[in-house]
Amino acid sequence: MKSRFLYMKFLGLLLVIIGFSYSITSFNNFFSFIFKTRIFTENLNIALVLIGLIMPLFTFIYGVYFYFYTDFNITKINKFIFISNLIMGIWGIVMLIFKELYNIKNIFIFQMFEFNHISFAFCLILLAIMGLYGCFKYKY
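Nothing here was measured: the structure is a model prediction, and the numbers come from that model.

Caption draft 1: Quick peek at the overall build of the protein chain. Per the secondary structure count, the protein chain includes 4 helices and 0 strands. In the protein chain, the order of α-helices and β-strands from amino to carboxyl end is α-α-α-α. Counting only residues that meet the buried cut, the protein chain has 44% of its 140 residues in that class. A separation of at least 24 residues holds for 77% of the contacts in the protein chain among residues at least 6 apart in sequence.

Shown next, in the form of structure tokens:
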């Protein structure tokens, strides 16, 4: 195997592991809120919270796709990998900026970050940088 395949397989495996673990923790927090076993911010909008729970699931599903299809038909996958890494990076930056600002927590739209841990933002940014590096380095 060439080094690019090993790097991309390793990155796909990291995406799967991190996406799966943060999906479990985010949904655990969500179900704790639903069943009233843990108290979070009151008056949460469930639709916005569910939008925030999509990103850990996206990371997991994208990791499975990334792991199995990075060495299959590189020309068609290039745009999808690049755009998906940009989405992950932007989501991580936005989450990092708005997650811990106490004045903004009461604003309606930023409730979607309520059940995601702040370390997920750091992981998304790091994985996006690694994916973009792989895209440019190995001409994906």
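Caption draft 2: Region of the structure containing the packing of aromatic side chains. A full pass over the atoms with the stated rule returns 14 aromatic pairs. A centroid spacing of 5.5 Å and a plane angle of 55° characterise the contact between Phe30 and Phe31, whose relative ring orientation is tilted. Judged by relative accessible area, Phe30 falls into the buried class, the value being 7%. Here Phe31 falls in the partly exposed class, since its relative accessible area comes to 42%. Between Tyr67 and Phe68 the ring centres are 5.2 Å apart and the planes differ by 85°, which places this aromatic pair in the edge-to-face class. Residue class for Phe68 comes out exposed when judged on its relative accessible area of 52%. What links up through ring pairs into an aromatic cluster is the set Phe27, Phe30, Phe31, Phe33, Phe35 and Phe115. Over the ring of Tyr67 we find Lys9, and its NZ or CZ is 4.7 Å from the ring centre.

Conventions and cut-offs
- Residues numbered from 1 in each chain as written.
- Predicted model: local features only at pLDDT ≥ 70, side-chain atom pairs only at ≥ 80, totals over all residues.
- Heavy atoms only, no water.
- Helix = DSSP H or I, 4+ residues; strand = E, 2+ residues; numbered from the N terminus.
- Buried < 20%, exposed > 50% of the residue type's maximum accessible area, 1.4 Å probe, protein only.
- Contact = heavy atoms within 4.5 Å.
- Phe/Tyr/Trp six-rings, centres within 6.5 Å; stacked < 30°, edge-to-face > 60°.
- Lys NZ or Arg CZ within 6 Å of the ring centre and 35° of its normal.

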